[in-house]
Structures are given as structure tokens and as C-alpha cells.
Amino acid sequence: MTRADRDGFTTTFGALLATLGSAVGLGNIWKFPSLTGANGGAGFLVVYLAATMLVGLPVMIAETMLGRSARADAVTTFDRLAPKSQGWWKIVGWMGFAAALLIMAFYSEVAGWVYAYVFKSMTGEIATTDPKIAAVAFGGLVSDPTSSLIWQWVVLGVTGVVIAFGVSRGIEAVARRLMPLLFVLLLVLCVRSLTLTGAKQGLAFLFDPDFAKITPAVVLTALGLAFFKLSLGMGTMLTYGSYFREEQNIPATAARVMLADLSVSLLAGIAIFPAVFAFGFEPAAGPSLVFMTIPAVFTSMPGGVVFMTVFFVLTAIASVGAILSLLEVPVAILSQRYGLGRKPAAAVTIAMIAALGVPAALSQGVAANWKLFGLNPFDLFDFLSSNVLLPLGGILICLFVGWVYGLAAPERRMAAEGTPLARWTIRTVFFLIRWVAPLAIAIVLLNGLGVF
Ligand code: PHE
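Residue positions are given per chain, counting from 1 as you read along its sequence in written order. pLDDT decides what is reported in this predicted model: residues at 70 or higher carry local features, side-chain atom pairs at 80 or more are listed and counted, and totals for whole chains, interfaces and linings draw on all residues regardless. Hydrogens and water molecules were not included; the side-chain quantities draw on all heavy atoms of the structure.

*Asks:* Run through the overall build of the chain, naming residues and quoting values.
*Replies:* Along the chain, the regular secondary structure elements total 18 helices and zero strands. It is over C-alpha atoms that the radius of gyration is taken, and the globule rule equals 2.2 Å times the number of residues to the power 0.38. For the chain, the C-alpha radius of gyration of 21 Å lies close to 22 Å, the compact-globule estimate for 452 residues. A principal-axis box enclosing the C-alpha atoms of the chain has dimensions of 60 × 45 × 40 Å. Evaluated residue by residue, the chain yields a buried proportion of 58% over its 452 residues. Every residue pair with non-hydrogen atoms within 4.5 Å of one another is taken to be in contact. For the chain, restricting intrachain contacts to residue pairs at least 6 apart in sequence, the fraction spanning at least 24 positions comes to 81%. Of the roughly 17300 Å² of accessible surface on the chain, a fraction of 70% belongs to carbon and sulfur atoms. The averaged location of the 21 negative side-chain charges in the chain is 7 Å from the averaged location of its 28 positive side-chain charges. A run of H or I in DSSP counts as a helix once it spans at least four residues, and a run of E counts as a strand once it spans at least two, with each numbered from the N terminus. Summary of the burial criterion: residues with accessible area below 20% of their type's maximum are buried, those above 50% are exposed, and those between are partly exposed, where the area comes from a 1.4 Å probe applied to protein chains only. Surface accessibility in these figures is a Shrake-Rupley result with a 1.4 Å probe; residues are shielded only by whichever protein chains are displayed. For the charge count, each Lys or Arg is scored as positive and each Asp or Glu as negative, with His and the chain ends excluded. Charged groups are reduced to one reference atom each: NZ for lysine, CZ for arginine, CG for aspartic acid, CD for glutamic acid.

Below, the structure written as C-alpha cells:
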């Protein structure tokens, strides 16, 4: 695509919604609660909030600004904006390409579990508050190689069909209309969960921090989650920024998306943890936590089976926006740099994900012992992307904006001529981008990986 025929978001509000569609997904409903539970609760939440505001938000602004300035894919952007750098900065874009494939390899599997749970909700198989029965239902699904692979392929197939028929825009529009409904269902879940006997303990777990549990590895996980949640450090926001209009207020858009995304995650947490303690689930259960606890909460309310089915349908739909935005990184790179059409580029990308997805899909079963650094393929892909590639990409993006490229024209103008508040905001953000974010990420990364 040339610059002139590049598609873009036609309205400022549309751009905001698409960005939100990328951010909100399985990360809120599945990853946030699992990690919060596995890493001790409130203390982790505090670190995650700090990471989101002090690092996530500035990185999001920096990354989106880059895309809007270059109007190109994640690799080409760095060539365009730093023509004298002999192409070294391009590596950031290729790291994003790799991260997108790694994330999709396990994300598509988790989305597959959600699809499967739509059907399991309808048959009533998972309508139980008994941790043992719930564990058997989940274990039976994920340990079976055939069903794991098939559900993953269904997800990839649906994604392919959405792209092939050129209905991504339409589907995203539908998804957006349905998201308020997911929000409402989460609210209902919260009310039910909070009124269960024993709910208090769950609230304390989520909101009363015990900082003794915060190790360097936990801090890195919280930072990785902040990146994953806001789709940062791998070129998604950069690519979306390339479709933004010149007058889009990027700091305001980023702040809104961050706040909305946080509220969905917190609601999911409040829906889950009281129930975890009320029914005797294990908060540190990991990836299975949500798939056992959410059905339990629904089961304990009237009409539970219907609401449960609707909930999983909506969660599946919410994952579409995130999946399309993940695919957009490789698709934009392949189509812009290698002249592939968007559809062939998507087909190539999906084929690569399907290949990488096999070991991820089998990780709770036959591949459970295929370990590298003590992690099965599913956990390894997650760790490599969230805890290594995304933070590393974040550092490089901050250094690029802070020290090589600088602010984009509209932000420079805002810093010089805007209202006092706008000037102050831009200067603070730029200070965070130059100093605070890259240093903080570097320290957390090195410390969390045990380098020092
Ligand atoms: N933010 C998405 C979620 O929380 C996942 C995602 C990560 C999407 C990285 C794009 C890029 O579900």
C-alpha cells in the first residue's frame, strides 16, 4: 500500500473504539485474574496499577505517536523516521512480528477454550460450584489433544473467514455494540459474587496488599501484564496509530483506553475472587481459575445457564478485536514490505500461528513435559512475549521517541501553544518517556530475569 491509498479510521471516536477493542479481551477476563491470583492478590494489583500508569500510559502515547507520524507498518516506521540509522531500529518492528505470533499461539488456544465453554454452558456440564467437578470438566477439555487442537483451529478459521470476507470492520462494529452487555453481565456477576457467604476474604485478597509476596519476578510479571493488556511494545498500537487522523488527541485517547480497560479488569477481579474463597477454589490455580470460578458464580444464580452461555459468547466476541489487532502487525508488515495483498498476508500469518500453536495447544496434555527453562510451550510463549519481548520493545520505543525522533508535530504544538494543562501534560509525558519508563522497565526486566 502506498501512503495515499492507506485506509484509516475515519473518525476520532472510531479510532478510540478500535484501540479499546484491541486492549479489551481475554487479558481482562482471563489473564488478569489468573495472574493476580497466582501472584498473591492485592500486592500484585498495586504493582500492576503503578506499571500501567507510569509505564504503560507513556509507552502507549509514544508508540501511537510513532505510527501516526510514519503512517507505516511497525518495521517500515523506523526506517522512515530514522533514515540515518542504517536500519538498526527496524529490529523493534521484527521483534513485534515475533511477539504477535507467539502471543497468538497461546491466545488462540485460550479463545478456543472460551468457544468450547459456550457449548459446555448450554449442556450444563460446567454448571457446578464444586471445585472438583469444575476441575474435571476443564482438565478433560485441555488435556485432550484432539479437542485442544480443534478448538484452536476453529478460532483461527473464524478469524480467517472474518478477514477473507472483509467483514473485520463489521464484526468489530458488532463487537463494540455488544461490549456494554459484557460490562453489565460482569456487574451482575460482581453483585452475586459479593453477596456469597465468605465473600469478604476474596475482597481482602484483592484489595488488602501483602507486600511480602512481591519478588522481582512478580514485579516483572505485573509489568508484562501492563504491556499485554494495553497491546504495547510490539507494534499493535503503532500500527493502529498509523490509521489515526492527524488531529487525534493521542494522550487523551490513550488515557481513556487505559481507564476503561482497567475498569473491565477490576470488575472481572471482583466477580471472581470473592467466589474463589466462598466456594473453596484455589486462587493460584493459574490459567484454569476463570474457567472454573465464573461458571460457579452463574450456577449460584437464577437463570444461570442462560447467562453463562451469553457470557462466554460475549467473551469470545471480545477476543475478536484483540485477535484482529494482533494479526494486524504481521499483516501490515507483509503487505506493505512484500507487496502481498492483505488477504494472502493474513493467510500466511494464520498458517504460521497454526504451526506455532500446536505445541501451545498440547501444553496441558501430551506436551506438558516439553520444557525449556522449566516452562511448557504455552507458558514459554507467554513468558517470552509478555515478560521479555514486550518490555524490551517498550524500552526501545521510549528511547526512540525520547532521544532519536522526539515528539510528533501535533504534540510539539500542544507543548508550545496549548492550554497550561495541555502543556504540562505533554511535558510530563515526555519526561516519563525519556527517563522514567525506559529506566524503570530496564531495572524491572534485568532484576526479574535474575541478571542482577
Ligand atoms: N490486549 C489484549 C488483551 O488483553 C491482548 C493483546 C496483546 C492484543 C498484544 C494485541 C497486542 O486481551
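*Asks:* Just give me the short version of the site of the ligand, but keep the residues and values in it.
*Replies:* In the vicinity of the ligand there are 14 residues, among which A23, G27, Y107, F228 and K229 approach most closely. A distance of 3.2 Å is found between a nitrogen atom of the ligand and a backbone nitrogen or oxygen belonging to S22. Counting residues per element, the shell around the ligand draws most heavily on helix α14 (residues 304–338), which supplies three residues. Taken together, the residues that form the shell around the ligand break down as seven nonpolar, six polar and one charged. Residue proximity to a molecule or strand is established when one non-hydrogen atom of the residue lies within 4 Å of it. The definition of a polar contact used here is a pair of N or O atoms within 3.5 Å, where within protein one atom must be able to donate a hydrogen and the other to accept one, and adjacent residues in sequence count solely through side-chain atom pairs. Three categories are distinguished: nonpolar for Ala, Val, Leu, Ile, Met, Phe, Trp, Tyr, Cys and Pro, charged for Asp, Glu, Lys and Arg, and polar for the others, with Gly belonging to the last.

*Asks:* Break down the packing of aromatic side chains for me, with residues and values.
*Replies:* Pairs were defined over the aromatic rings of Phe, Tyr and Trp, the Trp ring being its six-membered one, requiring ring centres within 6.5 Å. Orientation was assigned from the angle between planes: stacked under 30 degrees, edge-to-face over 60, tilted for the rest. If you walk through the whole model with that rule in mind, you get 29 aromatic pairs. Ring geometry for F32 and Y48: centres 5.6 Å apart, planes at 50 degrees, overall tilted. Residue F32 is found in helix α2 (residues 26–38), and its partner Y48 is found in helix α3 (residues 42–70); the two are separated by 16 residues along the sequence. Of the two residues, F32 and Y48, neither departs from the other in class, the shared state being buried. One aromatic cluster in this structure is built from W30, F106, Y107, W113, Y117, F138, F228, F291, F298, F311, F312 and F378. Only Lys NZ and Arg CZ are tested; either one counts as a charge over a ring when it is within 6 Å of the ring centre and within 35 degrees of the ring normal. If you follow K31 out to its NZ or CZ, it ends over the ring of F228, 4.1 Å from the centre. Taking NZ or CZ as reference, R434 lies 3.9 Å from the ring centre of W403, over its face.

*Asks:* I'd like to hear about the side chain of E172, residue by residue, with values.
*Replies:* Along the polypeptide, E172 turns up in helix α8 (residues 168–194). Residue E172 is classed as buried on the basis of its relative accessible area, which comes to 14%. Beyond its immediate sequence surroundings of up to four residues, E172 is in contact with A18, Y240 and L324.

*Asks:* So what's going on with the pattern of salt bridges? Residues and values would help.
*Replies:* Oppositely charged side chains can pair when the atoms bearing their charge come close. Between Lys or Arg on one side and Asp or Glu on the other, a salt bridge is scored when a side-chain nitrogen of the former is within 4 Å of a carboxyl oxygen of the latter. Scanning all chains against the criterion turns up 11 salt bridges. We note a salt bridge from D261 to K229, for which the minimum N-O separation is 3.1 Å. Taken together, the residues D261 in helix α12 (residues 250–279) and K229 in helix α10 (residues 216–229) connect sequence positions 32 residues apart. Here D261 matches K229 in class, with each residue buried.

*Asks:* Account for the packing of α10 against helix α16 (residues 377–405), with residues named and values stated.
*Replies:* Every axis in this analysis is a line fitted to C-alpha atoms, fitted for helices over the stretch in contact. Angles between the N-to-C directions lie between 0 and 180 degrees. α16 packs onto α10 with a crossing angle of 65 degrees between their chain directions and a minimal axis gap of 9 Å. Of the possible angle classes, the one that applies to α10 and α16 is roughly perpendicular. In the packing of α10 onto α16, the handedness of the crossing is left-handed. Across the interface between the two elements, L220, T221, L223, G224, F227 and F228 from α10 touch S386, N387, L390, P391 and G394 from α16. For the contact of α10 with α16, the per-class residue count stands at six nonpolar, five polar and no charged. Orientation is classified from the angle alone, with under 35 degrees giving roughly parallel, over 145 giving roughly antiparallel, 65 to 115 giving roughly perpendicular, and any other angle giving oblique. A clockwise turn of the near helix away from the far one marks a right-handed crossing, whereas an anticlockwise turn of less than a right angle marks a left-handed crossing.

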